[in-house]
Amino acid sequence: MDAFRMSELYLESTEGLLIRPTQTDHQDQSNTHCSKITKFLVGTLLFSIVITCTVLSKLSLISLVSQFNKTIDGINSVNNSEAIQLSLHDRAAGIFWQLLFIILIPQFVTFFRALLFGVCGKQSRTFPWPTLKATLTGAVAAVFEVAAMTTVVFYVLPRLPSMVAIFALGGVFSAQALLDCLYLKWSPCTAWRHGYADVDEHRPPEEKGWAKVLENKLSRLVALVLQFFSAVTLAVIAALQCEPKDRFLVGFGTALSLLVLAAVWSSKVQQESHRARKMAERTKGSNIIRERERALPSAGFKSSFINSSLQIFLYILVSVLLSMNHSINPWCLGNKCTLSEAFAWTADMSSISSVSFELFLIQILSSFFGYTFMWISCTMVLHRWGLALPLYLCTPISLFVCAIFQDDLDSRVFYFSRGYSDPVALGLAMVAGSMLWIGQILTMGAFVWKKKNLILAKDAAMFLTPRYDGIFLEQYTMLNRQVGKGKKSRGTVVPIVDTPRPRTIFICSTMYRESSEEMKQMLSSVYQLASHYQQRKDKDPAYRDHFESHIFLDGGANGTQLTYFALQLFSLFEETLHVDPKVFQRIDTPYGCQLSWDVAEVMPIYVHLKDSYKVKNKKRWSQVMYMNYVLNFRVKENIRNLRNGEVQGERRRRFPTYDEIKMDDDNTFILTTDADIQFTPESAIVLLDRLDSDPNVGAVCARTHPQGSGPLYWYQVFDYAIGHWFQKSAEDILGTVLCCPGCFSVFRCRALRSVLDAYSTEVTTASEFLTKDMGEDRWLCTLLVEKGWRLCYCAISENYTHCPESMDEFFKQRRRWIPSTVANLSLLVSQALQITKGNDRISILFIFFEAIMVFSTAISPATVTFVIAAGFTSAFGIQMTTSMIPILVFCMLYALICLYGDSQLQLDVARVSIFFFSLLMGVVVVGYVINIEQDIQNVTAVLLNYTQSGSSGPLPTFIQPSTIYLAIYVLVFVATAALHPKEWTCILHFVWYIIALSSGYLVLLIYSAANLDDRSWGTREATSEQVGVYSSTRRIAEKVWARLVLCLDQCTCRPVVPTGDSKALPLAPPPLAPEAEETHFMQPEADKGADLVERGDFRLTAEVQKWLDSLECGQYARNFEQHGYFTVHLIADMKSEDFDAIGIDERGHKLRMEREAKKLPSLPIENAIPENVVSWLEKLELQGYIRLFDASGYSSKDDLESVKGLTLDDLKKMGIHRRAHQQRLLQATKRLAYPSAIEVSISQSKVIIENSPRQEVEDENEEKQFWTGLLHTTLEPMKASFMSDTELKGKLKSLRNTVLCIMLLINVMWIVLILTLKIPISETYKIPVQIMTLIFLFIYTIILLVQFMAMIVHRCITLVHYLARVGPQRETEY
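Source: prediction; values computed, not measured.

Student: Explain the overall build of the chain to me, using residue names and the numbers behind them.
Tutor: Each helix and strand counted, the chain has 56 helices and 13 strands in total. Contacts in the chain between residues at least 24 apart in sequence constitute 80% of all its contacts with a sequence separation of at least 6. Surface accessibility of the chain: about 59,700 Å² in total, with carbon and sulfur atoms responsible for 62%.

See the structure below:
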């Protein structure tokens, strides 16, 4: 039984995991069947649309040229009268213009598309101009193409029977077949390099043999022969069947025009005409090799702009030249027929039939939509359904329709010529045409069928040129299909599979103090990804992507000891990752400790336990750690492995250059996650699609859903939803996403390398503190945007994260988010000119859009105040100013509380205010409902009166702007929810969002602004129980009492320290009196149970004495011993007040010992029920109190229940007065409880860790040298005493005061403007409306509608992405 199946069986017996249990196997099978059905239905739909469009395009073209030929024959007839001749001439001229515009319209589409995106667009700077040689090549090719196209359309196709003409369109593949024959070498190894291999490219070339080479070689030779001789045969037959005077022109023109088109449309010529100039390396550090690979498609837009402009001019010139040498003159029409009438643009069709114009419309529309849906099919990687099959079957189906319905369609829209009078000539022409179609399939059939691109690939990655051809729609699309980028393909269509380099994905997670359930959620997601990776490698040995998981835990190590949360993480590995907890590698590193396992035998996972005394803590520095580790160590290590041939399937290489390291950065990605995230393997993989499709994308984020329960969770469900539905979608479409959160996003390593130095800098100013330390994810994205990278949002990738469920935690979280968001947006707006120049996705309009967002946030208090006041005015008729005064007074009072009150008081006041504001918002909603009802009644009454009176003219009625805005608001939200069928239930939480509107935009905003100087993280802070400290009130009381006792007992409790200028210290403190040895600093009277205490058990250990001597503080040994700090474990838990209490008054000694005590290993007390009191005391290392507890009646296991209720007074009465022992015993009594499952697992993990061997790494080890250098330059903790914390605090307070003053000024001005600027909108009803309110509502409505339209576009992209990804196993997952 394989390991994966064993892990699945193990999951069946576990509970509480987020990995799918066995009962979902049927659901998975059902989902697989549904995916197959969906894929089939979508493919069938695309096939139907494309085949219909291509067949209609071909039939309408053939019908037009047949009518054109019939009209020309009528003109040449001598039996027609002059009036008929004139009418026929005008008809022929009209058809001529229609055919010419069928040729020109694709050129115009290409011209305007290239002009918009490649020349004048914001992104035009990313597309280089073609070289001079390429420009000349394209110009020459354009001239030959125009000449050949006009010959085919106006001379060749009209003279061929309809069925033969359909075949003749396939005669443009001879040059491509010739190129393939020339560049296909007679060597299996060369064929391997050129890509003439099966899809299973993992097989070595010697296993291919000569058979595959011969097969490809012969197919190209046969295709070349069929194409060339069939084209010549058709030319000869066409020449023999026409008038003698036209034989040379028709025969020579047919063969030559097809060969010329085949030559200018070959991949070699198209690539040479689009070869780009060398571009200077961009500020984002673009890769030279990658730019060289991207040169051909990147020059396509500007090259197409030049060529399409030239061709448009040449086609117009051709129309003039044809007037000199053709049966008709398109510029000379009859006296009664204008050009519009000849083109059938007018309604007066008395002299000209409109049938040709209907064919013209059918042809141009079917060609355009056929190409569009072929493009969509390739984007969705459904090229076989939407491209290959329709292009294969277009010619046979067109022939079938032409042959079967020829007579029926003759009297309707279509007209087909019936063929040559000579049946032998017709038969030979049909055979030659069939050979052309077979040659077409042999040349490009296999390539179009097997050639696949990446999901959501850009146009340049799918087609050589951004254009289509209306005459040769399917033939040109085949030839225009993008070829592979093999270095030795020499421009020919050789690679069958466009496979990118192997990707390396590092899953980097940051942890701090997450709960076991949160950690379990993330680890289970990692295991699912590892299992998916294993299945993929088992199914496809050619799958060469590599995944690694790295977890960085802040405070995970304390010296050589693992902390509680590190042990908690370790204890979950067996349950979630299904690894043997005893089989791991432990390495002591310069930053702490590293543990490693192999998950599912394919994906290594590394746990980096940070020691806070060796390396900087907090999330940003963990990110700096793993970015440097991946970019500056692992990437280079992979390059070395590739050189040495250590990676399977890779050949040995020369010494790689700097460009190879940069190229590897393009294929190396970092998936950042938080420790409480839940995701699926599909969610991680689809993020890579956007990065693979566009090398300018630096990061992609996903749709994040909150997890939790309660009203606050419901509020955040809607808040998260509208943030992604509107804000992120609009940013992605209009410019670039401004924040890819670190909870679940993928970053390109090349992008991170360009900003890593700036991201690793220290905070020096107050504004930098807000951008860097309070919003590290957003600041990283701001740096990427400044460097020119595009950030994207992928809606089909979903993840779930725990959200705050308590108001305190929610407020503290948003206290960080709101200022950091506003600070980063303000930075973006302030550097608008610089960013718009350096980033192709950022425009001034986008900056203006973000500036409005910042301004709307600043005036949120005033806006909410007006909303509440307006609701009270509508509900109770209270004056608006009267309603506003209490709210404004509250704002001022709460701001003062936030400025001068402590944090808990602020949160308590906020909690009470939220309750009352929620009640007020309920009243406001009722008021607005009343207002809307009045507007509806008003409109109904006016309409009724207007109808009864029979009046005419505009309606004398008026609807409040707020009613219109609310109506638009509700409609937009309902429509948006309908466009998100999987998330439509989020709209139900709109009620809670409205009720909490005032709290979120008034109370929370004031709280955030007034606490800008608060540098604490706020969430996941250590509790008193976790860190083993008393409450602040108790600490103050104990400190005061300790000082009082020390003053009374100074002679016995304080060491003698010399004063004055003498630097000599006594070797040891004076001996203490025997009766003082058991005297507690809080209990000066004699010990009542001193005779029952084993004094020898409380002597100072040698380890403590050695520690004190190393600090040159050996004179304080008796102080530690007297107060019970006789082991290093007890000293490790000491706080500042403890050192004061035992008499360490020398500031230098105290600070030194306090600093070094934090580095000592602690001995945490675990929840447990021991056998009896004796074993309990022995475990606490307080066995000296055994006799004392026994004398007090505490000895058996049953007595432990009584021990749990001991208080400080009880301990004093028992005779326990040592401070350390009192603290230890009181903490231990709280831990007398049955351990939970996780606590048992942690205890077991602790034993495993303690018994595990630690691997010593030599100083010469490269990884150790890397970490040592990184710590020295970037990550070494800065001493608080040497940091300008006091100065920074002052700057933060100054910034806070400035922000509050600005907010006050802006909101006061806004209120004054709204209240003073009133205009009567309706003369009939005299309703005054604030002009500023009207303007702002208008701007808000415009922004909302812009976001809504952007959301619709983003939903279309998401739909394409989803359909491309739907299915049991996508072949596009590399």
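Moving on from the coordinates now.
Student: Run through the packing of aromatic side chains, naming residues and quoting values.
Tutor: Under the counting rule described, the total for this entry stands at 53 aromatic pairs. Relative to Trp 597, the ring of Phe 573 has its centre 4.5 Å away and its plane inclined at 70°; by these criteria the two rings are edge-to-face. Of the two residues, Phe 573 is situated in helix α23 (residues 573-576) and Trp 597 in strand β5 (residues 592-599); the sequence distance between them amounts to 24 residues. When its relative accessible area of 4% is taken as the criterion, Trp 597 is described as buried. Ring geometry for Phe 718 versus Phe 990: centroids 5.4 Å apart, planes at 65°, classification edge-to-face. Of this pair, Phe 718 sits in helix α27 (residues 711-734) while Phe 990 is found in helix α38 (residues 990-995), placing the two residues 272 residues apart along the sequence. For Phe 718, a relative accessible area of 0% gives the class buried.

Student: Describe helix α52 (residues 1219-1230), with residues and values.
Tutor: The first and last C-alpha atoms of α52 sit 17 Å apart over twelve residues, in line with the 16 Å expected at 1.5 Å per residue. Counting buried positions over the twelve residues of α52 gives ten, a clear majority of the element. All of the buried residues in α52 are Arg 1219, Ala 1220, His 1221, Gln 1222, Gln 1223, Arg 1224, Leu 1225, Leu 1226, Ala 1228 and Thr 1229.

Student: Tell me what's going on with the pairing of strand β10 (residues 744-748), and back it up with residues and numbers.
Tutor: The element β10 is extensively covered by neighbouring structure, given that five of its five residues are classed as buried. Burial of β10 is two-sided: the residues Phe 744, Val 746 and Arg 748 facing one way and the residues Ser 745 and Phe 747 facing the other way are all buried. Strand direction decides the pairing type here: strand β7 (residues 668-674) and β10, joined by five bridges, are antiparallel. By the bridge assignment, Thr 672 is partnered in β10 with Ser 745. Pairing between strand β9 (residues 697-707) and β10: three bridges, direction antiparallel.

Student: Give a description of the environment of Gly 788 that names residues and reports values.
Tutor: With respect to the secondary-structure elements, Gly 788 resides in the loop between α30 (776-786) and β11 (790-802). In sequence terms Gly 788 and Thr 836 are 48 residues apart; their C-alpha atoms lie 8.8 Å from each other.

Student: Hey, could you go over the side chain of Asp 719 for me, with residue numbers and the actual values?
Tutor: Along the chain, Asp 719 turns up in helix α27. Among residues more than four places away in sequence, those in contact with Asp 719 are Arg 814 and Tyr 993.

Student: Lay out the side chain of Ser 257 with the relevant residues and their values.
Tutor: Here Ser 257 is to be found in helix α9 (residues 247-264). Only 2.5 Å separates the side chain of Ser 257 from the backbone oxygen of Gly 253, close enough to count as a polar contact.

Student: Could you give me a rundown of a nonpolar patch on the surface, with the residues and numbers involved?
Tutor: Nonpolar side chains collect at one region of the surface, where Val 225, Phe 228, Phe 229, Val 232, Val 236 and Leu 240 lie side by side and expose about 530 Å² of accessible area between them. Position of Val 232 relative to the elements: it lies in helix α8 (residues 209-240).

Student: Which residues make up the nonpolar core, and what are the values?
Tutor: Counting residues in each nonpolar core, the largest one holds 96 residues, and the members touching the most others are Leu 99, Met 149, Phe 154, Val 172, Trp 265, Ile 471 and Phe 472. No other element matches helix α3 (residues 82-119), which puts twelve residues into this core. Setting aside chain neighbours within four positions, we find Phe 472 in contact with Met 149, Val 152, Leu 169, Val 172, Leu 261, Trp 265 and Thr 477. Residues Cys 803, Phe 866, Ala 1010 and Leu 1300 belong to the second largest nonpolar core, which totals 65 residues.

Student: Can you break down the pairing of β7 residue by residue, with the values?
Tutor: Along β7, seven of the seven residues are buried, which leaves the element largely enclosed by surrounding structure. Alternating residues of β7 divide into Thr 668, Ile 670, Thr 672 and Asp 674 and Phe 669, Leu 671 and Thr 673, and every residue in both groups is buried.

Student: Quick rundown of the pattern of salt bridges? Include the residues and the values.
Tutor: Side-chain pairing between opposite charges can occur once the charged atoms of the two side chains come close. For the coordinates displayed, the defined rule picks out 37 salt bridges. When the shortest N-O distance is used, the salt bridge between Glu 517 and Lys 520 registers 3.6 Å. Taken as a pair, Glu 517 and Lys 520 lie in helix α21 (residues 516-539) at a separation of three residues, close to a single helical turn. When the shortest N-O distance is used, the salt bridge between Lys 616 and Glu 762 registers 1.9 Å.

Student: Can you break down unusual backbone geometry residue by residue, with the values?
Tutor: One non-glycine residue, Val 381, lies in the positive phi region at around 60°. With respect to the element layout, Val 381 can be found in the loop between α15 (355-379) and α16 (383-404). The phi dihedral of Glu 1112 falls on the positive side, at around 60°, and the residue is not glycine. Inspection of the secondary structure assignment puts Glu 1112 in the loop between α43 (1102-1110) and α44 (1117-1122). Using a relative accessible area of 60% as the deciding quantity, one classes Glu 1112 as exposed.

Student: Quick rundown of the packing of α16 against helix α20 (residues 473-480)? Include the residues and the values.
Tutor: At a closest axis distance of 10 Å, the pairing of α16 and α20 adopts a crossing angle of 140°. What the angle tells us is that α16 and α20 run oblique. Relative to α20, the crossing made by α16 is left-handed. Residues Leu 387, Leu 391, Tyr 392, Cys 394 and Thr 395 of α16 form the contact with α20, whose participating residues are Glu 474, Thr 477 and Met 478. Class assignment for the residues of the contact of α16 with α20 results in five nonpolar, two polar and one charged.

Definitions and limits used
Residues numbered from 1 in each chain as written. Predicted model: local features only at pLDDT ≥ 70, side-chain atom pairs only at ≥ 80, totals over all residues. Heavy atoms only, no water. Helix = DSSP H or I, 4+ residues; strand = E, 2+ residues; numbered from the N terminus. Contact = heavy atoms within 4.5 Å. Areas by Shrake-Rupley, 256 points an atom, 1.4 Å probe, with all protein chains shown as cover. Phe/Tyr/Trp six-rings, centres within 6.5 Å; stacked < 30°, edge-to-face > 60°. Buried < 20%, exposed > 50% of the residue type's maximum accessible area, 1.4 Å probe, protein only. Expected span 1.5 Å × (residues − 1). Pairing = 2+ DSSP bridges. Polar contact = N/O pair within 3.5 Å; in protein donor to acceptor, adjacent residues only side chain to side chain. Patch = residues over 30% accessible without salt bridge, like charges linked within 9 Å, V, L, I, M, F, W, Y side chains within 5 Å. Salt bridge = Lys/Arg side-chain N within 4 Å of Asp/Glu carboxyl O. Core = buried A, V, L, I, M, F, W, Y, C linked by side-chain atoms within 4.5 Å. Axes fitted to C-alpha atoms, helices over the stretch in contact; angles between N-to-C directions. Parallel < 35°, antiparallel > 145°, perpendicular 65-115°, else oblique. Left-handed = near helix turned anticlockwise from the far one by under 90°. Nonpolar A, V, L, I, M, F, W, Y, C, P; charged D, E, K, R; others polar.

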